[in-house]
Every structure is written in C-alpha cells, then in structure tokens.
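Structural overview for review
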Amino acid sequence: MTASGTFSWGFEFAEHFDIEALGAIVTKGVTPRPRAGNPQPRTAETPLGMLNSIGLQNVGIERVIEEFAPRWAAWRVPVIVNLAPDRVEDFGTMARMLDGVPGIAALELNISCPNVDTGGMEIGQDPEAAAAATRAAVRNTDLPVIVKLTPNVTDPVPVAKACEEAGAAAICAINTVLGVAIDIERRRPVIPRGRAGLSGPAIKPIALRFVWDVAQAVRIPVIGCGGIRTGEDAVEFLMAGASAVQVGTATFANPRAPLDVLEGLKRWMESHGVQDVREIIGAALPKGEA
Ligand SMILES: Cc1cc2nc3c(=O)[nH]c(=O)nc-3n(C[C@H](O)[C@H](O)[C@H](O)COP(=O)(O)O)c2cc1C
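Residues numbered from 1 in each chain as written. Predicted model: local features only at pLDDT ≥ 70, side-chain atom pairs only at ≥ 80, totals over all residues. Heavy atoms only, no water.

**So, the site of the ligand**
Just so we agree on the cut-off: When at least one non-hydrogen atom of a residue lies within 4 Å of a molecule or strand, that residue is treated as near it. The definition of a polar contact used here is a pair of N or O atoms within 3.5 Å, where within protein one atom must be able to donate a hydrogen and the other to accept one, and adjacent residues in sequence count solely through side-chain atom pairs. Residue burial considers only the protein chains on display, and all accessible areas are found by Shrake-Rupley using a 1.4 Å probe.
Taken together, 24 residues lie near the ligand, and Ser-4, Lys-148, Gly-200, Gly-227 and Thr-249 sit nearest. One of the backbone N or O atoms of Gly-29 is found 3.1 Å from an oxygen atom in the ligand. The backbone of Gly-200 places a nitrogen or oxygen atom 2.8 Å from an oxygen atom of the ligand. Contact with the protein chains covers 97% of the free accessible surface of the ligand, which is 610 Å².

As structure tokens, then:
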C-alpha cells in the first residue's frame, strides 16, 4: 500500500506507473472542511529521513466524495481514505458520509497526526479516546475500519487493544515520530511550529518495535509502516508480525517505490522458496505468539 500523505489522491502517480499492481492506495488525511495547512517551510531533510509539518492540508470531505471517489471507482486497486478530523464524534459523521460511496474500499483513522493543535495525536495517545473514535466510525459504516497508531507513546498495546475491542478491522503502525531541527544561523527551529513528524529509514527500527509489540497483543491484522524502501524491509515487517506494509517517504525520492518494494518482495520470496507471503508473517516472533 501507499502511506497516507505521500501519494496525494493517487492521480498524478497513475500517469507514471501501473498503480493497479499495488495492494491499495491510501489517500492524504481528509478533514470535515478544507484546510490550508501550516506555514512554510513544512519539511526539512534529516539524516536518513525527513521532518514534516504539513498540517493536514486537504480539500475536505465533500470534494473527495464529489470529485475523487467517482474517479477511484474506475480503478481496480482499492482506495482507502485516511480520516483526520479533530473531534472524536466527527469520525462517525465522516464514516457515515463515506459509507456506500463507490470507489472507497476502507477507512483509515488517523488518530496520530502530530502536526495539528487539536485532535490527531492526542486521541491516539489515550486508549479511551482511541476506542471512542473507532466505535464512532465502526457504528456508522460497513466499510472496514483501520486505525493508525502514533509512535509517540511508551506502550502502544493498550491503545491497539482498545481499538480492536471497539471493532477495528486492522491496526496500522506507525505514523511519524515527533522531532525538532534547529537552524543555527537564525537560532530558530527549521519548522515554524518547532515540533514536526520524523519519517523515513531513521524510524524503521521504531516502527518494527511497534509492529512487534502490537502483533503479539491483538488478533486483527497489523499493517506495518515506517522507513520501508526495499523488498527486504517489507520482509522484516512481515516477519515482525505485519500482514501488509505501506511505503511513504521513499516515494519522494522514487515515485515508483511502492511498486519496487512489491517487486523486491516477490524476488526475495522466489529466491528463498517462499510460495505464500503468509509463510513469513510473524516468523520472527517468539513461538506461539504470532
Ligand atoms: C509529507 C508527509 C505527509 C503525511 N501525511 C499524513 C496524513 O495525512 N495522514 C497520516 O495518517 N499519515 C501521514 N503521514 C505519515 C505517513 O503516512 C507514514 O505513517 C510515516 O511517514 C512513516 O512512514 P514512512 O517512513 O514510509 O514515510 C505523512 C508523512 C509525510 C512524510
């Protein structure tokens, strides 16, 4: 899958490679009303990664339903809409608006955005609020509801379990890790808000640790995300217990990265005599706990 916020709405990429070969496209986070996002600069390069503070710039749910969904309906690849309202109850309202809309295959609840003042990550840091957001969505749609966790907690297990009990179909781990970069000539943070979200290979071991912990604690599938660039990276996440993976930051340097990861995974499986990807899911976990 593509990771939210790194593949826009999918249309530009469809001109460059066969996006229908992918498992799914995940959209940019959508909010109840259009959002202009945060002041520039919104990104900064870091060793083996990047910081971003986009601030959920997007066109709002109405345009997604009216303009984008009819175009997605013509695609054979499923499109998962990432929802990022700032109030728990809006997850229910938005889920109801998207229920039954042709072109939308599932919802991913972004309870983990670090770049907004309200909602976002705060919901994902509190098991009760996370469960309430999940319940609100699940009760208002027949679409599968994936919940995307924040790594900005000590232990993701209570949140993951609360979301599973509230009816989540899958857990996605992880969103970006909070970080800061300083412009030493200006004596100011590079990103005006100071704190921003770190992504890319720098966070891969952290993402693997979250997948590892969550996969042993829940029965629903876990989608791994964070720093994946190659087929071998995907194999690591699968062995840590993920059933699928998302590719984000790698797409900025190489727009074909999600497809390259898929092809690399297939090559690795062929060269290691693995017929079915399920043979390696959880293979590295302590026995009996996959
Ligand atoms: C520029 C940018 C924008 C992002 N926007 C969103 C978003 O709207 N919703 C969301 O859930 N995650 C968003 N993310 C997080 C990614 O989907 C992903 O969880 C994270 O970047 C880690 O994966 P990666 O290292 O492969 O990029 C964004 C990441 C980046 C770099």
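On we go from here.
**Some words on a nonpolar patch on the surface**
Operational definition: A patch consists of residues whose relative accessible area exceeds 30% and which take part in no salt bridge; residues with like charges are grouped when within 9 Å of each other, and nonpolar side chains (Val, Leu, Ile, Met, Phe, Trp, Tyr) when within 5 Å. The working definition used for a salt bridge is a side-chain nitrogen of Lys or Arg within 4 Å of a carboxyl oxygen of Asp or Glu. Helix and strand assignments come from DSSP, with helices taken as H or I runs of at least 4 residues and strands as E runs of at least 2, each series counted from the N terminus.
On the surface, Val-180, Ile-182 and Ile-184 cluster together into a nonpolar patch covering about 320 Å² of accessible area. With respect to the element layout, Ile-182 can be found in strand E9 (residues 182–183).

**Remarks on the environment of Leu-178**
As a reminder, the rule being used: A 1.4 Å probe rolled over the protein chains alone gives each residue an accessible area, and that area as a share of the maximum for its type sets the label: buried under 20%, exposed over 50%, partly exposed in between. Every residue pair with non-hydrogen atoms within 4.5 Å of one another is taken to be in contact.
Structurally, the position occupied by Leu-178 is in strand E8 (residues 177–179). When its relative accessible area of 25% is taken as the criterion, Leu-178 is described as partly exposed. Placed 90 residues apart in sequence, Leu-178 and Trp-268 show a C-alpha to C-alpha distance of 33 Å. With residues near it in sequence (within four places) discarded, Leu-178 still touches Pro-114, Met-121, Asn-152, Arg-195 and Ala-196.

**What to know about the sheet that holds E8**
Sheet strands line up and pair through hydrogen bonds in the backbone, either parallel or antiparallel. The test is simple: DSSP bridges decide pairing: two strands pair if at least two such bridges lie between them. Note on geometry: axes are lines fitted to C-alpha atoms, helical ones only across the stretch in contact, with angles between N-to-C directions running from 0 to 180 degrees.
Judged by pairing direction, the sheet is antiparallel, and its 4 strands sit side by side in the order E2-E3-E11-E8 without closing on themselves. Two strands close off the open sheet at either side, each with one partner strand: strand E2 (43–46) and E8. On average, adjacent strands in this sheet sit at an angle of 35° to one another, irrespective of strand direction. Where strand E3 (residues 49–52) lies against strand E11 (residues 196–199), 3 bridges are found, and the strand directions are antiparallel. Looking at E11, one finds that Leu-51 is bridged to Leu-198.

**Here we look at the sheet that holds strand E5 (residues 106–110)**
An order of E1-E4-E5-E6-E7-E12-E13 is seen for the 7 strands of this open sheet, with the pairing classed as parallel. Pairing within the sheet leaves two strands with one partner each, and these edge strands are strand E1 (25–26) and strand E13 (244–246). Lying on the sheet, helix H3 (residues 88–98) is in contact with strand E4 (79–83) and E5; it crosses E4 at an angle near 155°.

**Quick word on the nonpolar core**
Convention followed: Buried Ala, Val, Leu, Ile, Met, Phe, Trp, Tyr and Cys residues that are joined via side-chain atoms within 4.5 Å together make up what is termed a nonpolar core.
Of all hydrophobic cores here, the largest spans 75 residues; its most connected members are Trp-72, Ile-104, Ile-111 and Val-147. The contact partners of Ile-111, leaving out residues within four places of it in the chain, are Phe-91, Gly-120, Met-121, Ile-123, Gly-124, Ala-130, Ala-133, Val-147, Lys-148 and Cys-163. The next biggest cluster of nonpolar side chains, apart from the first, holds 10 residues, and it includes Val-26, Ile-80, Ala-106 and Ala-170.

**A short note on the pairing of E4**
To be explicit about the condition: When the strands point away from the viewer, a crossover counts as right-handed if the route from the first strand across the helix to the second turns clockwise.
In terms of residue burial, E4 counts as a mostly covered element, since 5 of its 5 residues are buried. Pairing analysis gives 4 bridges linking E4 to E5, with the strands arranged parallel. Bridge pairing in E5 links Ile-80 to Ala-106. Remark: the E4/H3/E5 crossover connection has right-handed handedness.

**Some thoughts on the packing of H3 against helix H5 (residues 127–138)**
The condition that has to hold: Each angle gets one of four labels, with under 35 degrees taken as roughly parallel, over 145 as roughly antiparallel, 65 to 115 as roughly perpendicular, and the rest as oblique. What makes a crossing left-handed is the near helix being turned counterclockwise from the far one by less than a right angle; a clockwise turn instead makes it right-handed. The residue classification treats Ala, Val, Leu, Ile, Met, Phe, Trp, Tyr, Cys and Pro as nonpolar and Asp, Glu, Lys and Arg as charged. All others, Gly included, are polar.
Where H3 meets H5, the closest approach of the two axes is 7 Å, and the angle between their N-to-C directions is 20°. One finds that H3 runs roughly parallel with respect to H5. The handedness of the crossing between H3 and H5 is right-handed. Two secondary-structure elements touch here, H3 through Val-88, Phe-91, Gly-92 and Ala-95 and H5 through Ala-129, Ala-132, Ala-133, Ala-136 and Ala-137. For the contact of H3 with H5, the class distribution of residues is 8 nonpolar, 1 polar and no charged.

**Remarks on helix H6 (residues 157–165)**
Burial in H6 covers these residues: Val-157, Val-159, Ala-160, Ala-162 and Cys-163. Those residues of H6 hidden inside the fold are in contact with helix H4 (121–124), H5, strand E6 (145–148), strand E7 (170–173) and helix H7 (204–215). Just past H6, the residue Gly-167 takes up positive phi, approximately 110°.

**Comments concerning helix H2 (residues 61–72)**
Applied cut-off: Throughout, the arc means that of the directions going from the helix axis to the C-beta atoms.
The complete set of buried residues in H2 reads Ile-61, Val-64, Phe-68, Ala-69 and Trp-72. Within H2, the buried residues cover an arc of 105° as seen down the axis, which keeps them to one side. Residues of H2 that are exposed and point over 90 degrees away from its buried face: Glu-62 and Glu-66. Contacts from the buried residues of H2 go to helix H1 (11–14), E4 and H3.

Bear in mind that shape data such as this cannot, by itself, settle questions of function.
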